[in-house]
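Results of the structural survey
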Amino acid sequence: MKNKSQDNEPERSQSGIVKIKSGGSADQFWNPRFWDGVTISAWIKLLNSGSWKISPLRLPMFAIISGLTLSNSAFALAQRVFYGAKIRDAQLVGAPIFIIGHWRSGTTLLHEYLMRDDRFACTDTYECFAPSHFLASGRVFRPWLKYLMPKKRPMDNMAAGLDRPQEDEFAICALGMNSPYRDVAFPNGKPIDEEYLTLRNITAEQREKWLDSLEYILKAITVAKRKTIVLKSPPHTARVRAILTRFPDAKFVHISRSPYTLFPSTVNLWMKLAKTHGLQIPRGGVELEEKVLRNFEQMYDAFFDDLPLLQPGALSEISYDQLVANPVETLEKIYSDLQLDGFEERREHFVAFAETQKKYKKNQFEIAQEIKETIAKRCKKYIDRYGE
């Protein structure tokens with residue numbers, strides 16, 4: 001186990017990704033895992049998805065999470081009893097806003113910016129870890145659990161914490177619903193639930209069941225916060241069509257970034273997450289890199305196919321470079337594109353947060369020429385629209 005938060009020694013993958021500098025927190029045995037809040041049934045579904053192929057070194061993690069499922073299930077029952085009707089009857093406060101874009105494109109940074117608007121709410125880390133019981137268990141676990149959280153995410157230098165915005169895809173997974181994020185737990189086998197990336201190659205019944213889970217999360221957050229909800233999960237980029245069937249007034253903000261940065265950074269992301277939260281010791285290598293490219297193609301084939309469904313006022317497209325170079329102006333563009341009012345009243349909050357990001361240190365990678373050529377070919381549609 002490494003005791004330093006940054007890995008400054010260059011690392012070369014089998015196909016030629018060189019890690020120059022990568023931030024992130026060192027893993028500690030007491031750090032919470034994505035699966036710590038799951039119920040017994042959700043835990044069994046997750047284990048079944050990976051055929052229970054657990055690495056011996058991860059058996060302590062398996063044992064701890066298995067024990068936690070008992071209290072999680074008890075609190076989930078309490079949430080159903082005391083909050084079930086409120087969640088079912090909850091009416092969303094305004095149209096939900098979905099931040100979309102490929103992994104490592106800056107979706108988290110944009111989420112953090114939009115949370116400076118006090119009219120918006122997000123799914124935070126605790127709610128995503130424990131979606132089936134956070135309303136019932138939050139007062140019990142939040143006060144002490146926050147001390148076990150790392151200060152930074154495992155894959156970069158973005159701040160981590162129970163109250164920080166988090167991907168609702170983890171909440172979907174924690175509810176026991178199908179999700180490609182189950183690969184984080186079992187990274188060495190065949191891809192898990194890859195068809196749920198786009199929600200296209202599944203039955204109508206499966207799609208409705210998945211949407212029920214997403215709606216449950218939105219309504220539970222509404223019960224807790226009574227604000228317009230801003231969600232952020234890269235897989236939603238490929239699900240615009242499905243999301244609109246359940247939330248026809250939904251709005252989307254898409255953020256793009258150079259695919260020559262996205263590819264190595266996403267490979268690093270999945271390796272870091274699997275090392276920290278996986279029930280197997282990840283192998284990585286060429287198979288992982290192929291998965292990243294394949295998912296890139298699947299995601300943007302679906303997104304570009306869905307774009308004509310979005311009416312004026314439902315989509316804003318920005319780039320990571322714009323957000324970093326001119327954050328306040330970029331946010332003003334988003335508010336204008338989505339026809340959201342109140343930007344001027346909150347301008348100073350965006351300016352203040354922008355000041356805190358000026359010293360942020362990005363991960364650095366280099367990739368071999370043959371990888372660049374592969375990216376240019378397989379990500380051509382993306383590059384044609386958003387540039388290199």
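Structure first, text after, so check above.
Quick look at the overall build of the protein chain
Looking only at helices and strands, one finds 15 helices and eight strands in the protein chain. For 388 residues, the compact-globule estimate of 2.2 N^0.38 gives 21 Å, and the protein chain sits close to it at 20 Å. By principal-axis analysis of the C-alpha atoms, the protein chain measures approximately 55 × 55 × 45 Å. With 388 residues in all, the protein chain has 56% of them scored as buried. Sequence-distant contacts, at least 24 apart, represent 78% of the contacts inside the protein chain between residues at least 6 apart. Element-wise, carbon and sulfur atoms account for 53% of the exposed surface of the protein chain, whose accessible area totals about 17,400 Å².

Here's the deal with the pattern of salt bridges
Applying the stated criterion across every chain yields a total of 33 salt bridges. Across the salt bridge formed by Glu 127 and Lys 225, the nearest N and O atoms sit 3.0 Å from each other. Residue Glu 127 is located in helix H4 (residues 125-129), and its partner Lys 225 is located in helix H7 (residues 204-225); the two are separated by 98 residues in the primary sequence. Arg 246 is the partner of Glu 215 in a salt bridge, and the nearest nitrogen-oxygen pair spans 2.6 Å. Of this pair, Glu 215 sits in helix H7 while Arg 246 sits in helix H8 (residues 240-246), placing them 31 residues apart in sequence.

Quick look at the sheet that holds strand S5 (residues 228-232)
One open sheet accounts for five strands, arranged S4-S5-S3-S6-S7; its pairing is parallel. Two strands in the sheet have a free side with no partner beyond their single neighbour: strand S4 (120-121) and strand S7 (315-319).

Comments concerning the packing of aromatic side chains
One pass over the full model with this rule turns up 24 aromatic pairs. Ring geometry for Tyr 300 against Tyr 382: centres 4.7 Å apart, planes inclined by 75°, an arrangement best described as edge-to-face. Of this pair, Tyr 300 sits in helix H10 (residues 286-306) while Tyr 382 sits in helix H15 (residues 380-386), and the two are 82 residues apart along the sequence. Exposure remark for Tyr 382: the relative accessible area of 1% places this residue in the buried category. Summarising the aromatic geometry, the rings of Tyr 335 and Phe 343 are spaced 5.3 Å apart at their centres and angled 65° between planes, so their arrangement reads as edge-to-face. Accessibility expressed as a relative area gives 1% for Tyr 335, which makes it buried. Judged by relative accessible area, which is 6%, Phe 343 ranks as buried. Between Lys 291 and the ring centre of Trp 270, over which it is positioned, the NZ or CZ distance is 4.8 Å.

A look at the pairing of strand S6 (residues 251-256)
With six of its six residues buried, S6 lies for the most part within the structure. Here S6 shows two buried faces, one formed by Lys 251, Val 253 and Ile 255 and the other by Phe 252, His 254 and Ser 256. Pairing of strand S3 (residues 97-100) with S6, which is carried by four bridges, proceeds in the parallel orientation. Its bridge partner being in S6, Phe 98 is matched across the sheet by Phe 252. When S6 meets S7, the two strands line up parallel, connected through five bridges. The partner of His 254 across the bridge, within S7, is Glu 317.

Definitions and cut-offs
All residue numbers refer to position in the chain's written sequence, counted from 1. Thresholds applied to this predicted model are a pLDDT of at least 70 for local features of residues and 80 or more for the giving and counting of side-chain atom pairs; totals over whole chains, interfaces and linings are not thresholded and use all residues. Computation of side-chain values: all heavy atoms of the structure, hydrogens and water removed. A run of H or I in DSSP counts as a helix once it spans at least four residues, and a run of E counts as a strand once it spans at least two, with each numbered from the N terminus. Radius of gyration here uses only the C-alpha atoms, and the compact-globule reference equals 2.2 Å multiplied by the residue count raised to the power 0.38. For every residue, the accessible area (1.4 Å probe, protein chains only) is compared with the maximum for its type, and the residue is labelled buried under 20%, exposed over 50%, or partly exposed between those bounds. Should any heavy atoms of two residues lie within 4.5 Å, those residues are counted as being in contact. Methods summary: accessible areas were calculated by the Shrake-Rupley approach with a probe of 1.4 Å, and residue burial reflects only the protein chains presented. Any Lys or Arg side-chain nitrogen found within 4 Å of a carboxyl oxygen on Asp or Glu counts as a salt bridge. Should DSSP find at least two bridges between two strands, the strands are taken to pair. In this scheme Phe, Tyr and Trp rings, the latter by its six-membered ring, pair at centre separations within 6.5 Å, and the angle between planes marks the pair as stacked below 30 degrees, edge-to-face above 60, and tilted otherwise. Criterion for a charge above a ring: Lys NZ or Arg CZ within 6 Å of the ring centre, and within 35 degrees of the ring normal.

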